[in-house]
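As a plain string of letters, each chain reads:
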Amino acid sequence: MVALPANKLEIRGLDVSYGQKRVLRDVDLDVPANQIFGIIGPANSGKTSFLRALNRMDEMTSGMQVSGQVLLDGADVRSWRNVYALRARIGVVFPLPVGLPMTIRQNVTFAPRMRGQKNKARLDELVERCLRRAALWEEVKDRLDSLGSMLSGGQQQRLTIARALSQEPDILLLDEFSIAVDPVTTMRIEDVLKELKQEMTIVLVTNLVQQARRLADRTAFFLNGECVEVGKTESLFHGDHRDPRTVDYVEGRFG
Amino acid sequence: MNAEFDRLDRAWYIDRIAKGLIFLCGISAIIFILSIFVFIFAQAFGFITEDLDVGEFLTDPTWRPTSESNPVYGTLALIAGTASVTGLAMLISVPISLGAAIYISEFATGRTKEVLKVVIEMLAAIPSVVWGFIGLTIMNPLIIQIFDVPMGLNVLNAGIILGLMAAPIMTTIAEDALKAVPDSYREAAEAMGATRWQIIRRVVLPSARNGLTAAVLLGVGRGFGETMAVLMASGHSVNLPTSPFDSVRALTATIAAELGETAHGSPHFGALFTIGVMLLLITFAINLTADLIIRGGWKQRGHN
Ligand SMILES: Nc1ncnc2c1ncn2[C@@H]1O[C@H](COP(=O)(O)OP(=O)(O)OP(=O)(O)O)[C@@H](O)[C@H]1O
Ligand SMILES: [Mg+2]
């Protein structure tokens, strides 16, 4: 008998609005630990807003309000007094690679340095480990001290993944990471993610239905601020009791 | 043959004329600068070639141009006057301006931000004679009272006044530089758990470094060239200052105060214009540096 994995995240009655506009309504779902959790849905369905609610990024977005519960290991993220420590446990990769205006090495060591790590040997070791895990090490090992912005788009996106890994997060949130990345690099990153899920929980927002199908253990389908369906990925694509909107979307009939 | 593509219509002519006029306006700025430079240099030319002793001019603290028997044209005290006042002004205004710029760009929102920006622009528009007046009538007795000194018109007074004068423009330019840092940088750092202060110190300030340096340099240039307020607040006495409570005389103020009483073409007249050339060259160098730094910043950003 297979033990059910513990839930890393439990979302209960999550509402998100910007000013008067509700963009996410009453979302309930569980994200099991050490899995890839896919979120698919057309534009404006609230996927990015969902991710922002997870690590309390709403607090830095003016006008964004979140209500309901986000439980991380059973405890509401809102109960964390130190939101910075919370965010350190949750790595984020944005749709367009945001290389900070510094060298490759400085990009990867940004967060550890910020937390006071000064030991050069440990930082060097960290740089190599994170870049290897992001499948970028071989390409940049000889130019770690050149500007991150000199890399190609796909390399920059892997750099942001390496950076997100630098704090050994429990959770990795990826928001349409492959938007600016070529198909070959996308495949490499997908392989990386499959490896990474042994160590962390991954929430993958994607507008490529097939990407969710390839990677995700479970998938949620968002539409116009509603979580229409959530379940094992295969059952979203082949299940018998699917919502007709889900069927339309995964079969490419709209969006 | 009168093909469609050969017909010159109204829009074509207007475009041509507008182009010409705009070109003239643009080029006129260069012509003005060049002719000012030529004019000032021409006035100073006689003095520079005949009477000027460069060593004395730059290193003698005695400025005695009106002596019949033994005129001395040493500008060291004047240079020291300008440098001490400008230096103190920068000491005061750089931190205030950067602080204000950071507050406006990173913390203030909505109404507060708008009101602050308007107020700062208004401050920048206060005429310098008004600042001089404040130095004379408010700062002077205040300094006498607080520090128990006989005279309140000195380096301290002029430095504070000049600092307050330079602050608005520095704040405005520094704020522009901070505003140019993409929000995505702030967001990425924040998502990694950076605090507000860490974002400012480790991401925003380093990215805006060029613009901030330029802001400071332009502030320095402003202080350097300021005349009226310094004339009124500094005490205007030739002195190598040893403390902030010494009165000094600035290069600019010397020209303003003496030029009217000088015989056209006399060595004194030429000496004042030589000071003018010096000021022109220095402010030119400062502004050029600031400009190059700003441009360098743009180029760098262009690579992203
Ligand atoms: N900062 C904001 N202020 C106001 N409204 C916002 C903001 N961010 C998002 N919205 C609105 O919230 C709704 C959901 O946006 P969200 O970015 O979550 O969608 P998404 O599913 O990620 O879309 P996409 O696939 O295009 O990235 C949209 O209608 C959008 O206009
Ligand atoms: Mg989105």
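Scroll up for the structure.
Okay, so let's go over this structure. (Residues numbered from 1 in each chain as written. Chains lettered and ligands numbered in written order. Predicted model: local features only at pLDDT ≥ 70, side-chain atom pairs only at ≥ 80, totals over all residues. Heavy atoms only, no water.)

1. Quick word on empty space enclosed by the protein
- One pass over the structure, following the stated rule, counts three cavities of 30 Å³ or more.
- Considering the residues around the largest cavity, the lining is formed by Gly91(A), Val92(A), Phe94(A), Thr160(A), Arg163(A), Ala164(A), Ala188(B), Ala191(B) and Met192(B).
- For the lining of the largest cavity, the secondary structure elements donating two or more residues are strand S6 (90–93) and helix H6 (153–165) of chain A together with helix H7 (183–191) of chain B.
- Per-element accounting of the lining of the largest cavity gives the leading share, three residues, to H6(A).
- Looking at the lining of the largest cavity, its residues break down into six nonpolar, two polar and one charged.
- In this structure, the second largest cavity spans a volume of roughly 40 Å³.
- Thr82(B), Val85(B), Thr86(B), Leu162(B), Gly223(B), Phe224(B), Glu226(B), Val230(B), Ala250(B) and Thr252(B) are the residues that line the second largest cavity.
- Among the secondary structure elements, those contributing two or more residues to the lining of the second largest cavity are helix H3 (76–107) and helix H9 (209–225) of chain B.
- The greatest single-element share of the lining of the second largest cavity, amounting to three residues, is contributed by H3(B). (1 Å grid on protein atoms, 1.4 Å probe; cavity = no way out; pocket = protein on both sides within 12 Å on 5 of 7 lines; lining within 4 Å. Points joined across faces, edges and corners; volume = space filled by probe spheres on them. Helix = DSSP H or I, 4+ residues; strand = E, 2+ residues; numbered from the N terminus. Nonpolar A, V, L, I, M, F, W, Y, C, P; charged D, E, K, R; others polar.)

2. Comments concerning the nonpolar core
- Grouped together as the largest cluster of nonpolar side chains are 57 residues, with contacts concentrated most on Leu9(A), Ile11(A), Leu14(A), Val27(A), Leu29(A), Phe50(A) and Phe222(A).
- Examining the composition of this core, we find that five residues originate from one element, strand S2 (residues 21–32) of chain A, more than from any other.
- Formed by 41 residues, the second largest nonpolar core is a distinct cluster that contains Val155(B), Met170(B), Val248(B) and Ile255(B). (Core = buried A, V, L, I, M, F, W, Y, C linked by side-chain atoms within 4.5 Å. Buried < 20%, exposed > 50% of the residue type's maximum accessible area, 1.4 Å probe, protein only.)

3. Considerations on unusual backbone geometry
Residues and elements named next belong to chain A.
- The backbone phi angle of alanine 135 is positive, close to 60 degrees, even though this residue is not glycine.
- Its location among the elements puts alanine 135 in the loop between helix H4 (120–133) and helix H5 (137–140).
- Residue glutamate 168 is not a glycine yet carries a positive backbone phi of 50 degrees.

4. Topic: the packing of aromatic side chains
- Counting across every chain of the model gives twelve aromatic pairs over all chains.
- Centre to centre, the rings of Phe50(A) and Phe222(A) are 5.4 Å apart; their planes meet at 85 degrees, and the pair counts as edge-to-face. Placement of the pair is Phe50(A) in helix H1 (residues 47–54) and Phe222(A) in strand S9 (residues 218–223), with a sequence separation of 172 residues.
- Residue Phe50(A) is classed as buried on the basis of its relative accessible area, which comes to 1%.
- On the accessibility criterion, Phe222(A) (0% relative accessible area) is buried.
- Judged by centre distance (4.9 Å) and plane angle (20 degrees), the ring pair of Phe221(A) and Tyr249(A) falls under stacked. With a gap of 28 residues between them, Phe221(A) in strand S9 and Tyr249(A) in helix H10 (residues 244–250) connect regions that are remote in the sequence. A single burial state applies to Phe221(A) and to Tyr249(A), both of which are buried.
- Through pairs of rings, three or more aromatic residues link up here, namely Phe47(B), Phe57(B), Trp63(B) and Tyr73(B). (Phe/Tyr/Trp six-rings, centres within 6.5 Å; stacked < 30°, edge-to-face > 60°.)

5. With respect to the pairing of S9(A)
Residue and element names in this part refer to chain A.
- Counting buried residues along S9, five of its six residues qualify, which places the element largely inside the surrounding structure.
- Pairing analysis gives four bridges linking strand S3 (residues 36–40) to S9, with the strands arranged parallel. Pairing of phenylalanine 37 across the sheet is with arginine 218, part of S9.
- Here S9 folds back onto strand S10 (residues 226–232), and the loop between the two strands holds two residues, one of which, asparagine 224, carries a positive phi near 45 degrees. (Pairing = 2+ DSSP bridges.)

6. As for the environment of Gly159(B)
All names here are of chain B.
- Turning to its location among the elements, glycine 159 is positioned in helix H6 (residues 155–179).
- Accessibility expressed as a relative area gives 0% for glycine 159, which makes it buried.
- Distance from glycine 159 to threonine 172, taken between C-alpha atoms, is 20 Å for residues 13 residues apart in sequence.
- When neighbours within four sequence positions are excluded, glycine 159 is seen to be in contact with Val85, Leu88, Ala89 and Ile92. (Contact = heavy atoms within 4.5 Å.)

7. Re the site of ligand 1
All names here are of chain A.
- Around ligand 1, the surrounding shell holds 13 residues, and the nearest of these are Asn44, Gly46, Lys47, Thr48 and Ser49.
- At 2.6 Å, a side-chain N or O of threonine 48 approaches an oxygen atom of ligand 1.
- Starting from 640 Å² of accessible surface for ligand 1 in isolation, the protein chains cover 66%.
- For the shell around ligand 1, the secondary structure elements donating two or more residues are S2 and H1.
- With three residues, H1 is the largest single contributor of residues to the shell around ligand 1.
- Looking at the shell around ligand 1, its residues break down into four nonpolar, six polar and three charged. (Near = heavy atom within 4 Å. Polar contact = N/O pair within 3.5 Å; in protein donor to acceptor, adjacent residues only side chain to side chain. Areas by Shrake-Rupley, 256 points an atom, 1.4 Å probe, with all protein chains shown as cover.)

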